[in-house]
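Coordinate inspection notes
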Amino acid sequence: MGRAQPQQIEDAFSEIRLDEHRHLTVQGELGRGAFGTVYRATLHQPWGLERPVAMKVFTRLAAGEEEMAVTALALACRSWGSVRHPNVVGLHEFGVLTGKQAFALEELLEGCSLASLLESYARRSMRMPLDLALFLGVELAEGLDGARCARNAEGRRVGLIHGALSAREVLLSSRGEVKISDFGVAMAARAMGASSSLLTTSARVETLAPEVVQGEAPTARSDVFSLGVVLWQMLAGPRYPAHLGEAERLEYARKGLVRASVFDPVLTQDLKETVLRAVEADPERRFPNAGALAYQLRRLALSMGVGDGRVFLKHAMINAFSPDPSEEAATREMVVPLDISSRFELEPPADSGERVSGTLPLGSWGKAEAALPGDEGDRVSEVLVETAKG
């Protein structure tokens, strides 16, 4: 835990000295959230070592409670910093700027949040492909369980609970990584009374378990509920019915209700029951922890032929956010639309001479082998395939 010398971020290119040998160069703002602002920065270390980081400055803390806020955040970050897991954003350092502004240096991921990806699907009146949603669900469940089972430097189990998981805290990298951020931060803020207003905003409580909305401390089962809602959002859409007003949505959240939804017919009964169990209003009827949910989701994913979905995540992000239309078009050329749901073999465009075969369920994405003709005979390559929904 480092303590910065008396300085504040005055502009997008501030230089902040952390100690005699290290300093930060802030390059620009990445975004703003419920607790503060995130900046892109570079950490300069001895011997010319440099590390790109995300610098989160906690600026929205209750006036007069800064010292208590810093203590609560430091304790949360101490636990978070003990976690080493591929599905958890790495926390490098916690410190304090002048004016008692707490900050954290986190792993920098080039990509977007799951919330942004879901919004891109909504804008196009599309639902996330099933295999991508399942892949993300497995990764998130394993990230939550990894934090819960993590051990600190003394070998003691941390038992870290996220407490406020939503699509906003899920970061997706351009390399296909899926990582959860802000472990324990919302819990620390609520404990010190700095964010009590967040529990009166329906958008902020949409993924919270009913017992948490009612003021109880989050548990492993609370995290299961939050992940269940995120799964619901990916597979079935928003939790709240569109016609509800703000007060009605808050009451919905307090009671642990989830809107009735017509699931896509491509979803298996086992998957529907898994999601519904995760969002049970009664904590005792949910999965006991994210590890149990991860096991069930992994089992379902394997039974449906869903494996490593990083290639499909990268494809989805390019289609959603690529600023270069030619790049998006080039990616889409890899996709072969099919209208069958079992073993297939077909000839794509006549001028390509490619023969594609594979097995995919209706309405899903997958990889298939393509025989690509060449001067020295056919070579086998993988292509992305999408099947139509009937």
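Just so it is clear, the model here is predicted, and its values are computed rather than measured.

**Quick word on the overall build of the chain**
- Along the chain, the regular secondary structure elements total 12 helices and 14 strands.
- Scored against the burial criterion, the 390 residues of the chain give a buried share of 52%.
- Accessible surface for the chain amounts to roughly 18,600 Å². Of this, 50% is attributable to carbon and sulfur atoms.

**Concerning the packing of helix H2 (residues 114-123) against helix H11 (residues 310-321)**
- Direction vectors running N to C along H2 and H11 enclose 60°, while the axes themselves pass 10 Å from each other. In terms of orientation, H2 and H11 fall into the oblique class. As for the relative orientation of H2 and H11, their crossing is left-handed in sense. Residues Ser-116, Leu-117, Ser-120 and Tyr-121 of H2 lie in contact with H11, whose contacting residues are Leu-313, Ala-316, Ala-320 and Phe-321.
- Per-class residue counts for the contact of H2 with H11 are 6 nonpolar, 2 polar and no charged.

**Examining the nonpolar core**
- Ranked by size, the top nonpolar core spans 87 residues in total, and within it Leu-114, Met-128, Leu-136 and Leu-172 carry the most contacts.
- The residues contacting Leu-114, other than those within four sequence positions of it, are Met-128, Leu-136, Leu-140, Ala-167, Val-170, Leu-172, Val-230 and Met-234.

**Side note on the sheet that holds strand E7 (residues 111-113)**
- Judged by pairing direction, the sheet is antiparallel, and its 3 strands sit side by side in the order E7-E8-E9 without closing on themselves. The open sheet has two edge strands, E7 and strand E9 (178-180), and neither has a second partner. For this sheet, the mean inter-axis angle between neighbouring strands, taken without regard to orientation, is 25°.
- Pairing of strand E8 (residues 170-173) with E9, which is carried by 3 bridges, proceeds in the antiparallel orientation.

**What about the environment of Leu-114?**
- With respect to the helices and strands, Leu-114 occurs in helix H2.
- Between the C-alpha atom of Leu-114 and that of Leu-171, which follows or precedes it by 57 residues, the distance is 6.1 Å.

**Some words on the packing of aromatic side chains**
- Across all of its chains, the model carries 1 aromatic pair by this definition.
- An angle of 70° between the planes, with centres 6.3 Å apart, marks the rings of Tyr-240 and Tyr-252 as edge-to-face. Here the residue Tyr-240 occupies a position in the loop between helix H7 (220-235) and helix H8 (246-255), and Tyr-252 occupies one in helix H8, the gap between them amounting to 12 residues. Each member of the pair, Tyr-240 together with Tyr-252, is buried.
- One cation-aromatic arrangement involves Arg-124 over Tyr-121; the distance from NZ or CZ to the ring centre is 5.1 Å.
- Positioned over the ring face of Phe-287 is Arg-277, at 4.1 Å from the centre of the ring.

**Some points on the confidence of the model for the chain**
- When pLDDT is averaged across the chain, the result is 79; 72% of the residues are at 70 or more.
- Here strand E10 (residues 336-338) stands out as the element of the chain with the lowest mean pLDDT, 34, in contrast to E9, whose mean of 98 is the highest.
- The model gives residues 1-6 a pLDDT under 50, and that stretch makes 18 contacts with residues more than four places away or in other chains.
- Contacts of residues 325-390 to residues separated by more than four positions or lying in other chains number 128 contacts, the stretch itself having pLDDT below 50.

The rules behind these values
- Residues numbered from 1 in each chain as written.
- Predicted model: local features only at pLDDT ≥ 70, side-chain atom pairs only at ≥ 80, totals over all residues.
- Heavy atoms only, no water.
- Helix = DSSP H or I, 4+ residues; strand = E, 2+ residues; numbered from the N terminus.
- Buried < 20%, exposed > 50% of the residue type's maximum accessible area, 1.4 Å probe, protein only.
- Areas by Shrake-Rupley, 256 points an atom, 1.4 Å probe, with all protein chains shown as cover.
- Axes fitted to C-alpha atoms, helices over the stretch in contact; angles between N-to-C directions.
- Parallel < 35°, antiparallel > 145°, perpendicular 65-115°, else oblique.
- Left-handed = near helix turned anticlockwise from the far one by under 90°.
- Contact = heavy atoms within 4.5 Å.
- Nonpolar A, V, L, I, M, F, W, Y, C, P; charged D, E, K, R; others polar.
- Core = buried A, V, L, I, M, F, W, Y, C linked by side-chain atoms within 4.5 Å.
- Pairing = 2+ DSSP bridges.
- Phe/Tyr/Trp six-rings, centres within 6.5 Å; stacked < 30°, edge-to-face > 60°.
- Lys NZ or Arg CZ within 6 Å of the ring centre and 35° of its normal.
- pLDDT = per-residue confidence, 0-100.

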